[in-house]
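# An overview of the molecular structure
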Amino acid sequence: MGRNVTLHIQNETGFDLAFVRNEIEHGKYNANPPKKISRGETVTFKVGNKTGAKVGPKGSITYQLIYTENIYVELTFYWDHPFSASASTYEVASSPPWFASYYLDPGSPVGHDQEVTYITRLNDYCFDSKEWMGQIAESKANVKLRELFIPGSHDSGTYNINYYSALTLDYENWIIPLGSIVGASQGWAKAQNNSIIDQLNAGIRYFDLRFSNGIYATAPVTGARFTYIGPDDPIPMIGNPPQPVSNIVRKKVFLCHSFASVEMKTVFNDVKAFIDAHSKEIVFINIQHIYNFSHEDCQFFIQQLHDILGDKMLQRPTNKTLDLTVKDVLANGKQIILFIDQVHTVNISGKAESGTDFNKTFSDIFESNKFIWPATEFLDNPYPNTCKVSELKTKMFNNISNDTNKFSVLQGIITPDTSFPAKEDIAYQNAITGRYPKTLEELGSEVSPKVIAWVNNEWFDKPINIVIIDWVCTSIMTQVCYMINKYHITENK
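Presented here is an overview of the structure given in this document.

Criteria and cut-off values
- Residues numbered from 1 in each chain as written.
- Predicted model: local features only at pLDDT ≥ 70, side-chain atom pairs only at ≥ 80, totals over all residues.
- Heavy atoms only, no water.
- 1 Å grid on protein atoms, 1.4 Å probe; cavity = no way out; pocket = protein on both sides within 12 Å on 5 of 7 lines; lining within 4 Å.
- Points joined across faces, edges and corners; volume = space filled by probe spheres on them.
- Helix = DSSP H or I, 4+ residues; strand = E, 2+ residues; numbered from the N terminus.
- Nonpolar A, V, L, I, M, F, W, Y, C, P; charged D, E, K, R; others polar.
- Phe/Tyr/Trp six-rings, centres within 6.5 Å; stacked < 30°, edge-to-face > 60°.
- Buried < 20%, exposed > 50% of the residue type's maximum accessible area, 1.4 Å probe, protein only.
- Lys NZ or Arg CZ within 6 Å of the ring centre and 35° of its normal.
- Axes fitted to C-alpha atoms, helices over the stretch in contact; angles between N-to-C directions.
- Left-handed = near helix turned anticlockwise from the far one by under 90°.
- Contact = heavy atoms within 4.5 Å.
- Pairing = 2+ DSSP bridges.

## Regarding the layout of surface pockets
A water-sized probe, rolled over the atoms, reveals where empty space remains. The space that makes up the second largest pocket amounts to roughly 440 Å³. In terms of lining residues, the second largest pocket is bounded by 25 residues, among which R146, E147, L148, I464 and H488 are the most central. A total of four residues in the lining of the second largest pocket trace back to one element, the largest contributor, which is helix 14 (residues 477-491). Within the lining of the second largest pocket, the residues separate by chemical class into 11 nonpolar, seven polar and seven charged.

Laid out in structure tokens, this is it:
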């Protein structure tokens, strides 16, 4: 007497499924399963017990879909139809576990010969990139900010850098000769292609910002001292015929990465507009470097920051513990956590001094503005400083922190280099010779998907907090972060 099951797999994942393996514990196929299940297709195969065996069929079959070039999802379809009073069971497992969901038709099949349809889909958890933190809070308001996986952008404010951008005070000496190659320098300075408001709308919640208190109004002379002029003052002229004085710096605050992007108010007005429209979202701002701010300049800078974001900024803790939940922050009407890290002095062109801690350099400003969080005390943000993907992975993994009293940033970025690393690391990286990649955009398209895959496939159960990458809006970082957060919250309710 036979014990048979007719199995249908209805593929609603939006991807083709390719056969990976069979694992038959007992029983046999009466009709072989297909090697491929196309998107939207329903396929049918049969399983049964072997002749004369009083053991019903039990086993599984696994298919794989390629979600992105680096992220693979396996779906394993299980069946167990015993010769006993025990109920038959059918289920689908996803690896990684948050990617797929399914339901059965019928939900609880009965009878000797059964027929079951697995209807499989990929999860989106009703994902809304503009309000994903609010959705998390609705699921678990007491989730700690340190426990959330938060997507961030590296050099977040560089999106407006172009061939005509002025040099800023953080530029290094090698920038000028490289700039003789059309667009080469700017291509390596521009780490993002989307404005801050677009990044916020895409779900990014951590921003790495750098500010230059001035832009070069004329071609700088490397190693020469420069002269400040007002933001709208005319450039001094000398000689006969008159020529503009070289090494003139206009005193105006810009987002920078060797070149000027946008003025500071543009970024903070974007943040203000977003949080006003989305009252349950929390934004992390790390002002990682400021260049050539005098005490008076810094006071003015902080006052402008306060005028725009004001009462939305959360005061720093009075002790060294970090136990904040999403609920804690939102209950006080706060939505912004602001870090300020390093202060750099610049006296001569092409050479910024090593950074000093903001809270020590401008201690009186720090003490009188309780919304400034000292990055050195509350933010673990190690710089991997490598030009090789293999080393980046090792360093990122080693930088995963268990310190729950600090927010933790993993920098998923490669440092450009002219040393021709092996092709398997980053495919011929040299801007001067024109070999691929020639810009941070091209480099990001190589590296960022790998970083996301490491997090998604290997490190999802580690205490990861914030991950930053280049060209973040062209990636699936936010979706992956949200799915992992939702999965962990569901598992740990």
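Next comes the rest of the write-up.
## Considerations on the packing of aromatic side chains
With the rule as written, the count across this model stands at 27 aromatic pairs. Aromatic side chains F19 and Y63 sit 6.2 Å apart centroid to centroid with 80° between the ring planes, which places their arrangement in the edge-to-face category. Of the two residues, F19 sits in strand 2 (residues 17-26) while Y63 sits in strand 6 (residues 58-66), which places them 44 residues apart along the sequence. Between F45 and W79, the ring centres sit 6.2 Å apart and the planes meet at 70°, which makes this aromatic pair edge-to-face. Residue F45 is located in strand 5 (residues 42-48), and its partner W79 is located in strand 7 (residues 72-80); the two are separated by 34 residues in the primary sequence. A relative accessible area of 0% means that F45 is categorised as buried. Following the ring pairs from residue to residue traces out a cluster consisting of F284, F339, W373, F378 and F407. Here R316 stacks its cationic end above the ring of F366, 3.8 Å away from the centre of that ring.

## Topic: the packing of helix 11 (residues 389-399) against helix 13 (residues 440-457)
Closest axis-to-axis distance for the helix 11/helix 13 pair is 11 Å, and the angle between their directions is 35°. Considering only the axes of helix 11 and helix 13, their crossing is right-handed. Only V447, K450, V451 and W454 of helix 13 make contact with helix 11, whose side of the interface consists of V389, L392, K393 and M396. Among the residues forming the contact of helix 11 with helix 13, the class breakdown is six nonpolar, no polar and two charged.

## Some thoughts on empty space enclosed by the protein
Within the structure shown, the criterion is met by one cavity of 30 Å³ or more. The computed volume of the largest cavity comes to approximately 40 Å³. Lining the largest cavity, in full, are G412, I413, I414, L443, G444, V447, S448 and D470. In terms of residue class, the lining of the largest cavity is made up of four nonpolar, three polar and one charged.

## Points about unusual backbone geometry
In this model, D105 is joined to P106 through a cis peptide bond whose omega is 0°. One can find P106 in the loop between strand 9 (100-105) and strand 10 (114-122). Looking along the chain, the bond that leaves N240 and enters P241 is cis, with omega of 5°. By the element assignment, P241 lies in the loop between strand 14 (237-238) and strand 15 (243-244). Even without glycine at this site, N385 takes up a positive phi of about 50°. The topology assignment puts N385 in the loop between strand 24 (379-380) and helix 11. A positive phi angle, close to 45°, is found at W471, a residue other than glycine. With respect to the secondary-structure elements, W471 resides in the loop between strand 26 (466-469) and helix 14.

## Some remarks on the pairing of strand 11 (residues 150-153)
Side chains I150 and G152 project from strand 11 onto one buried face, and the interleaved P151 and S153 project onto a second face that is buried too. Note: strand 11 against strand 26, four bridges, orientation parallel. Paired with S153 across the strands is I469, a residue of strand 26. Inspection of the sheet shows strand 11 paired to strand 12 (residues 206-216) by two bridges, in the parallel sense. Paired with G152 across the strands is Y206, a residue of strand 12.

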